[in-house]
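One letter stands for each residue in the lines below.
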Amino acid sequence: MSPVGLCCLLFISVSVCCWVPAGCYANGRVTKVCGSMEPHHGVLGQTAPSPYHLKTNTTMFSPTERIQVILTGTTYFEGFLLQARDAADSSSESTVGTFTLTNLDGMQLLTCSKQQGSAVSHVTDARQTAVAVTWHAPPEAPAQVQFFATVVAHYNEFWVKLPGPIIYQHGVTPRPPHSDTPPPPGQTTTASILLDSFTSEGCGQSKSCLLDPPGCDPREDPHCFFLSMTSEGPGQTSVTFELSGPAEGYVAFGLSWDTWMGDDDVYMCVKDGDRVSVSAAFVSGRTQPEDQSQSGLSSVSWRLADGVLQCRFSRPVRLTNQEPARYDLDQEYFLFLASGHAQYGRIWKHGRQALISTQRKHITGPPEVLRGSRGPIILKMHGALMLLAWMLTGSVGTFIASFYRPDWPNQTLLGQKVWFQVHRGLMMLTVALTTVAFCLPFFYRRGWSKEVHL
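The shown structure was predicted, so the numbers you read here are calculated from the model rather than taken from an experiment.

Caption draft 1: Local environment of unusual backbone geometry. The omega angle of the peptide bond from Asp212 to Pro213 is 0 degrees, so this bond is cis rather than trans. Its place among the elements puts Pro213 in the loop between β12 (208–212) and β13 (225–232). Positive phi values are uncommon outside glycine, yet Gln236 reaches one of about 50 degrees. Relative to the elements of secondary structure, Gln236 occurs in the loop between β13 and β14 (238–246). Of the residues examined, Gln236 reaches a relative accessible area of 40% and is grouped as partly exposed. Even without being a glycine, Asp306 presents a positive backbone phi close to 60 degrees. Taking relative accessible area as the criterion, Asp306 reaches 65% and is therefore assigned exposed.

Next up, the structure:
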């Protein structure tokens, strides 16, 4: 086999052996919300009447008895979480009993309250209208047990902890009928509508800005990606952020200790129909943002007009009862600015490389105009090496073998004809450059890149 063919075979073999399919995040493993049963989707659950209902095949039970539980809906749902709890203790978040799956397709058992199988959830986001499971009453069951379900129609539309039927041990007097109306939502930040577009005026003077392309103005250019930070209040106790970009789905920025994606404090403005949801989240790796909420955000406002998505919010420099995922703003961070598509308020992986500030920024520091790049040095090296290998050394090596064999019929070098030695050396250099270039994106990504979504 010729050196060129051997090179191609080696490259293809490495690619095939290392290939793995892209993974999804819609696996229903929601054990971290066993207590609240509330999805961390950055929006409140629905308060309108639910199209979903729970029912059981009996209203009375005995310890160790098996009860059939069915969740049904008049419309499709993509996810659910089902539990049983002590109906007499409304403050308890502990589960009661365990479940058995009657159908292994689309469902899985979860461990809640340190009890394996004490909850049931979906496996994928495939649409369904009904699920049925079997509940096992424990030997020391409470006198009355109630079933609850959280049901997700789609990412931004869900009902939290829908109350289901109450079943009673034999001999226990049933309680008066309860209302199925869910409790009013807890206090949250109310967003308002921005009356005017953001502007880059004042960047470097009264506020710090990161713009792409450099020098663009979000008021004039709908393709301008814009992030500004302004310290507010006496003693700089809070920071106001402004975020703008094309209204294709979402724009987001992250605070990072380094230029690698992962362990980042993230803030997102996500288009959902004709509205925009604003939330904070945490990214532990190249995965879907976790723990989305509006906790700590205030003065939230947004604008969706002229093909541009914009949002503004304030955040204290230091949060009270701070979670480890929320970073203090009186520190220096690299800034990530990303955008991408969204559907029903659900974000998808950004289609282009995120804009990363070229240096760390002290968030509450003096105003300045920041620079950023979407092409990390290591990826630029990958492109340069691939061009060098296949546009220069590989092509020259092939040219030498094709056209200089008759011109150097007798000249030798180290025991071989000159044309062959030059050809072989260039092709070996091509293989070496290609191998190094092939590995660089893996060093940057720290593994295979995975497209993730809920």
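Caption draft 2: The arrangement of a nonpolar patch on the surface in detail. Where nonpolar side chains cluster on the molecular surface, the patch consists of Leu388, Leu392 and Val396 and spans about 220 Å² of accessible area. Along the polypeptide, Leu392 turns up in helix α2 (residues 377–403). When its relative accessible area of 44% is taken as the criterion, Leu392 is described as partly exposed.

Caption draft 3: Quick peek at the state of the cysteines. The tally for this structure, following the rule as stated, stands at four disulfides. What pairs with Cys203 in a disulfide is Cys209, and their sulfur atoms sit 2.0 Å apart. Between Cys203 and Cys209 the sulfur-sulfur dihedral comes to about -80 degrees; the bridge is accordingly left-handed. Considered together, Cys203 and Cys209 belong to a single accessibility category, that of buried residues. Here Cys269 engages in a disulfide with Cys311; their sulfurs sit 1.5 Å apart. Taken together, the residues span a long stretch of sequence, with Cys269 in strand β16 (residues 264–272) and Cys311 in strand β20 (residues 308–316) at a distance of 42 residues. Owing to a relative accessible area of 0%, Cys269 belongs among the buried residues under this scheme. In the protein chain, the bonded cysteines, taken in the order they occur along the sequence, pair up as 1-2, 3-4, 5-6, 7-8.

Cut-offs used in this document
- Residues numbered from 1 in each chain as written.
- Predicted model: local features only at pLDDT ≥ 70, side-chain atom pairs only at ≥ 80, totals over all residues.
- Heavy atoms only, no water.
- Helix = DSSP H or I, 4+ residues; strand = E, 2+ residues; numbered from the N terminus.
- Buried < 20%, exposed > 50% of the residue type's maximum accessible area, 1.4 Å probe, protein only.
- Patch = residues over 30% accessible without salt bridge, like charges linked within 9 Å, V, L, I, M, F, W, Y side chains within 5 Å.
- Areas by Shrake-Rupley, 256 points an atom, 1.4 Å probe, with all protein chains shown as cover.
- Salt bridge = Lys/Arg side-chain N within 4 Å of Asp/Glu carboxyl O.
- Disulfide = S-S within 2.5 Å.

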